[in-house]
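In case you want the letters, here they are:
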Amino acid sequence: MKLFAYSLRPHDELPVLQRLADERGFEFGWTSEYPTMDNAGLAQGYDAVTIITNPMPSELLARYAELGVRGLATRSIGFDHIDLDAARSLGIRVGHASYPPAGVADYTVMLTLMALRKAKLVDIASSYQDFGLRGKIGRSLNTCTVGVVGTGAIGEAVCERLVGFGCRIVACDPYPKDRLRGRVEYLELDELLACADVVTLHAPGLPENEHMIGAEQFARMKDGVVIVNAARGALIDTAALIDAVESGKVGAAALDTIEAEAGLYYLDRSRDVLPNRDRAILMSFPNVIVTPHMAFYTEEAVEHMMGSNVEALLAFDAGEESRFEVK
């Protein structure tokens, strides 16, 4: 197999891919650029392509099919950025990544604590030597009811971590997990939103989940609720969130992902004027934390992301099944 890697980071992913190539005996090429129609030709002569969370529309997939690419894998658990119907019609098999849930779960708890303790405001004030306490009082997590929306692998890991803080945990999921019963109370979404002091989202980025949290849902929440999202930006209606922060309905938000983030994250855009006004508004609020979709980013996760992509693409090349294939 010959593999071409797009958006490859030389400081962490490249050494892992090189080691895997040496161990598994495949050739690879790479670029740090995102895949586009202009650079699709870089994959000429390669059997497979690995990408990150950049959009893969039908026309781009068709171009890769013309070049002979028959396998595509994304170094992410989510695959909603890939036009799967187009890939299937073109004969391109698609794989995704798997990595331990611990990193995102840890990050979620960190974001929750930062929001409750007003860490952004404290840090900003300290930078100009305001060491006063006015307006900086926080809240202990153990006094909160935390609503976990989605108890898949990551949501379950978040629940397990929250147990140690002594808070009440309520959850919503169409498939409740028996092993969480006794520690977690399952509710319908509307019930969860009405009673939770903190709402943390861990639902998949499926079309039916787009804007699952919007103006109607914010209206059902407690005044001053804390919103945490380390899952998918599209789960929250950004315009409705901005309104809720400005009105005081949302007391704080901690967001690792937001809508319209494609083309921003994992790139140095420090010298650019960014065409993303919603992000600029959210960043301007002293009670809103926005991080660049990096909750996953641990040494362990990078190893698993690269390894699962390689395993899937090697299986595709051999005409075999793979546990990482998107069906």
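Everything numeric here is computed off the predicted structure, so don't read it as measured data. (Residues numbered from 1 in each chain as written. Predicted model: local features only at pLDDT ≥ 70, side-chain atom pairs only at ≥ 80, totals over all residues. Heavy atoms only, no water.)

## A closer look at the packing of helix α9 (residues 238-247) against helix α10 (residues 277-284)
Put simply, the rule is: A fitted line through C-alpha atoms serves as each axis, taken over the contacting stretch for helices, and the angle formed by two N-to-C directions is quoted from 0 to 180°. The helix and strand labels rest on DSSP assignments: H or I over at least four residues marks a helix, E over at least two residues marks a strand, and numbering proceeds from the N terminus. Reported orientations rely on four angle classes, namely roughly parallel under 35 degrees, roughly antiparallel over 145, roughly perpendicular from 65 to 115, and oblique for the rest. What makes a crossing left-handed is the near helix being turned counterclockwise from the far one by less than a right angle; a clockwise turn instead makes it right-handed. Here, two residues are considered to be in contact whenever any of their heavy atoms come within 4.5 Å of each other.
In contact at an axis separation of 11 Å, α9 and α10 are set at 25° when each is read in the N-to-C sense. Classed by the angle they form, the pair α9 and α10 counts as roughly parallel. The crossing of α9 and α10 is left-handed. Here Thr238, Leu241 and Ile242 of α9 come into contact with α10, specifically with Asp278, Ile281 and Leu282.

## Some words on the pairing of strand β3 (residues 48-51)
Put simply, the test is: Here's how the labels work: a residue is buried when its accessible area is under 20% of the maximum for its type, exposed when over 50%, partly exposed in between, all with a 1.4 Å probe on protein chains only. Strand pairing is assigned whenever DSSP identifies at least 2 bridges connecting the two strands. Orient the strands so they point away from the viewer, and a crossover whose first-strand-to-second-strand path over the helix runs clockwise is right-handed.
A two-sided burial pattern is seen for β3, the buried positions comprising Ala48 and Thr50 on one face and Val49 and Ile51 on the other. Strand direction decides the pairing type here: strand β1 (residues 2-5) and β3, joined by 3 bridges, are parallel. Residue pairing in the sheet places Leu3 in a bridge with Ala48 of β3. Strand direction decides the pairing type here: β3 and strand β4 (residues 71-74), joined by 4 bridges, are parallel. Each bridged residue has a counterpart across the sheet, and for Ile51 the counterpart in β4 is Thr74. In this region the chain leaves β3, passes through helix α2 (residues 58-66) and returns to the parallel neighbour β4; the handedness of that crossover is right-handed.

## Some details on the packing of aromatic side chains
Short version of the rule: Stacked, tilted and edge-to-face pairs are distinguished by plane angle, under 30 degrees for stacked and over 60 for edge-to-face with tilted covering the rest, among Phe, Tyr and Trp rings (Trp via its six-membered ring) whose centres lie within 6.5 Å. Lysine and arginine charges are scored as sitting over a ring when NZ or CZ, respectively, is within 6 Å of the ring centre and within 35 degrees of the ring normal.
Under the defined criterion, the tally for this structure stands at 6 aromatic pairs. Taking 6.0 Å as the distance between ring centres and 85° as the angle between the ring planes, the aromatic pair formed by Tyr266 and Phe296 counts as edge-to-face. Highlighted residues: Tyr266 in the loop between β11 (250-255) and α10 and Phe296 in the loop between β12 (288-290) and α11 (299-317), separated in sequence by 30 residues. You can call Phe296 buried: its relative accessible area is 7%. Ring geometry for Phe296 and Tyr297: centres 5.7 Å apart, planes at 65°, overall edge-to-face. Pairwise contacts between aromatic rings join Phe4, Tyr6, Tyr46 and Tyr64 into one cluster. Note that Lys2 overlies the ring of Tyr46, its terminal NZ or CZ placed 5.0 Å from the centroid.

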